[in-house]
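# Secondary and tertiary structure notes
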Amino acid sequence: DAKYTLKKLENYRSKAELLEGVKDVDAMIIRSDIVDAAVLEAAAKLKIVVRAGAGYDNIDLKATAAKGVVAMNTPGQNANAVAELVFGMMLTSARNNYDGSSGFELAGRTMAFYGFGA
């Protein structure tokens, strides 16, 4: 038994509410939340912060290193979801955003896919 408790902090309305919510956490799993020096200072027991996604653009790496907090990410973790979203957006575009006009069909067309990331 790891003796850890999951604490979900979602839909906070202010930075103060976020800072209050992280004050007793050992680890954080984030998506687009910003982990800066203020968050790291508020999270006195923090040992690791993991971004569920690629990149570290929302984590202050200098501040985590200075505090001895491990920063990690999960590149490729959402690759399937992104590919499905792109396909769905392509269909939506072909149908003129479902505005009632006919749009066009994809059958018989040539498509090119360019991927960046993951």
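My aim in this report is to walk through the structure given alongside it, one point at a time.

What counts and how
Residues numbered from 1 in each chain as written. Predicted model: local features only at pLDDT ≥ 70, side-chain atom pairs only at ≥ 80, totals over all residues. Heavy atoms only, no water. Helix = DSSP H or I, 4+ residues; strand = E, 2+ residues; numbered from the N terminus. Polar contact = N/O pair within 3.5 Å; in protein donor to acceptor, adjacent residues only side chain to side chain. Contact = heavy atoms within 4.5 Å. Core = buried A, V, L, I, M, F, W, Y, C linked by side-chain atoms within 4.5 Å. Buried < 20%, exposed > 50% of the residue type's maximum accessible area, 1.4 Å probe, protein only. Salt bridge = Lys/Arg side-chain N within 4 Å of Asp/Glu carboxyl O. Pairing = 2+ DSSP bridges. Axes fitted to C-alpha atoms, helices over the stretch in contact; angles between N-to-C directions.

## What about the side chain of Arg51?
Tracing the backbone shows Arg51 in strand E2 (residues 48-51). Here Ala54 takes part through its backbone oxygen, which lies 2.7 Å from a polar atom of the side chain of Arg51. Not counting residues within four places of it along the chain, the set of residues in contact with Arg51 comprises Ile30, Arg31, Tyr56, Asp57, Asn58, Ile59, Met72, Asn73 and Thr74.

## Thoughts on the nonpolar core
Counting residues in hydrophobic clusters, the biggest one holds 14 residues, and the most contacted among them are Val22, Met28, Val35, Leu46 and Val49. Residue assignment for this core shows that the elements contributing at least two residues are strand E1 (27-30) and helix H2 (37-42). Apart from residues lying up to four places away in sequence, Val35 is in contact with Met28, Ile30, Leu40, Val49, Asn58, Ile59 and Asp60.

## Focus: unusual backbone geometry
One non-glycine residue, Asn11, adopts positive backbone phi at about 60 degrees. Inspection of the secondary structure assignment puts Asn11 in the segment before helix H1 (15-21). Not every positive phi belongs to a glycine, and Tyr98 is a case in point at roughly 55 degrees. Of note, Tyr98 is situated in the segment after helix H4 (79-94). Residue class for Tyr98 comes out exposed when judged on its relative accessible area of 57%.

## Thoughts on the pattern of salt bridges
Going through the model one piece at a time under the given rule, you end up with six salt bridges. Two residues, Glu10 and Lys8, come together in a salt bridge whose shortest N-O distance is 3.9 Å. Residue classification places Glu10 among the exposed positions, given a relative accessible area of 54%. With a closest N to O distance of 2.8 Å, Asp26 and Lys47 form a salt bridge. With a gap of 21 residues between them, Asp26 in the loop between H1 and E1 and Lys47 in the loop between H2 and E2 connect regions that are remote in the sequence. With a relative accessible area of 48%, Lys47 lands in the partly exposed category.

## Structural notes on the sheet that holds E1
Ordered in space as E1-E2-E3, the three strands form an open sheet in which the pairing is parallel. On the outer flanks of this sheet lie E1 and strand E3 (70-73), each paired with one strand and no other. Each strand of the sheet is rotated relative to its neighbour by a mean of 15 degrees, with strand direction disregarded.

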